[in-house]
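Remarks on the overall topology
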Amino acid sequence: MKQFPCTLEALVVRTDFSADGPWHALRAALYAPSKDGFLANVALVDDRRYESLTPDQAIDLIHPSYRHPLLVLADSTAVTSAELPLLVVDLRGDRGCCVRVVAAELWSIENNLSGANMDFEEFAGAVDDDGVFRGF
C-alpha cells in the first residue's frame, strides 16, 4: 500500500467511507478555531486506499521523513458519534498508544505535542470515563 504523504502537519487519515456527511462535519470541526482562537495544524488524507486501516497498519505507512509526534485516524467510531471522537496515535513515547479526542479538541493535543509542551500520557490520563478526551 502507498505511504502517506509527508507533511509538516499532523496527518488526519480517513479510514471510514460509509458516509460523507460526518466526514464533512469532521473537516469543519477541525478547521474551526477554538473559543480562544486555536487551530489544529493538520493535513487531511481522504483516499479510499486507506479504508479500514488499523493503527498498526497506519503506522507502517508513515513516510520516514514524517516528524510529527502523532497520527490521527478518522475511523468508524469517529464518524458514527456526534462528537466525532478521532483516534490519535502516539508516534513518540509509547509508539502506537492511542487515545480518542473529540474533533473540536484535537487542536489541544496537536498544539501541545508538536510544541513539546506536554506529553501524550498527560492527555491519555485526562480522558473521561468513556475513554474520550474532551479538554481540560
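Described in the following lines is the structure provided in the data block. (Residues numbered from 1 in each chain as written. Predicted model: local features only at pLDDT ≥ 70, side-chain atom pairs only at ≥ 80, totals over all residues. Heavy atoms only, no water.)

**Looking at the sheet that holds strand β1 (residues 10-14)**
- The strand order across the open sheet built from six strands is β2-β1-β3-β4-β5-β6, with neighbouring strands paired in mixed fashion. Two strands close off the open sheet at either side, each with one partner strand: β2 (42-45) and β6 (132-133).
- Where strand β3 (residues 70-74) meets strand β4 (residues 85-90), four bridges bridge the pair, whose relative direction is antiparallel. Its bridge partner being in β4, L73 is matched across the sheet by L87.
- Packing of helix α1 (residues 20-30) onto the sheet brings it into contact with β1, β2, β3 and β4, and relative to β1 it is tilted by some 165°. (Pairing = 2+ DSSP bridges. Helix = DSSP H or I, 4+ residues; strand = E, 2+ residues; numbered from the N terminus. Contact = heavy atoms within 4.5 Å. Axes fitted to C-alpha atoms, helices over the stretch in contact; angles between N-to-C directions.)

**As for α1**
- Buried within α1 we find W23, L26 and L30. The buried side chains of α1 occupy one side of the element, clustering within an arc of 60° when seen end-on.
- On its buried side, α1 packs onto β1, β2, β3, β4 and α4 (106-114). (Buried < 20%, exposed > 50% of the residue type's maximum accessible area, 1.4 Å probe, protein only. Arc of directions from axis to C-beta.)

**Considering the packing of aromatic side chains**
- Across all of its chains, the model carries five aromatic pairs by this definition.
- Here F38 and W107 contribute two aromatic rings whose centre-to-centre distance is 4.9 Å and whose plane-to-plane angle is 10°, an arrangement assigned as stacked. A residue pair is termed long-range when its members are at least 10 positions apart, and F38 in the loop between α1 and β2 and W107 in helix α4 qualify at 69 residues.
- Taking the centre distance of 5.2 Å and the plane angle of 85° together, the rings of F123 and F133 count as edge-to-face. In this pair, F123 is assigned in helix α5 (residues 120-124) and F133 in strand β6, connecting sequence segments ten residues apart.
- Taking relative accessible area as the criterion, F133 reaches 0% and is therefore assigned buried.
- An aromatic cluster of at least three residues, connected via ring pairs, comprises F123, F133 and F136. (Phe/Tyr/Trp six-rings, centres within 6.5 Å; stacked < 30°, edge-to-face > 60°.)

**Side note on the side chain of N112**
- Structurally, the position occupied by N112 is in helix α4.
- Among the polar contacts listed, one links the side chain of N112 to the backbone oxygen of S108, at a separation of 2.8 Å.
- Once residues within four sequence positions are removed from consideration, N112 is found in contact with W107, N117, M118 and F123. (Polar contact = N/O pair within 3.5 Å; in protein donor to acceptor, adjacent residues only side chain to side chain.)

**Considerations on the pairing of β1**
- Burial analysis of β1 places five of its five residues in the buried class, which makes it a mostly covered element.
- Taking every second residue as pointing to the same face, both faces of β1 are buried, with A10, V12 and R14 on one and L11 and V13 on the other.
- Inspection of the sheet shows β1 paired to β2 by four bridges, in the parallel sense. Bridged to V12 within β2 is L44.
- On the question of chirality, the crossover connecting β1 to the parallel β2 by way of α1 is right-handed.
- As paired strands, β1 and β3 are joined by four bridges and run parallel to one another. Looking at β3, one finds that R14 is bridged to A74. (Right-handed = clockwise from strand over helix to strand, strands pointing away.)

**Quick word on the nonpolar core**
- Judged by nonpolar contacts, the single largest core of 42 residues is most densely connected at F4, L71, L86, V88, L106 and I109.
- Setting aside anything within four residues of it in sequence, one finds F4 in contact with L11, V13, Y50, L53, A58, L61, I62, H63 and L71. (Core = buried A, V, L, I, M, F, W, Y, C linked by side-chain atoms within 4.5 Å.)

Coordinates in, geometry out; function isn't part of it.
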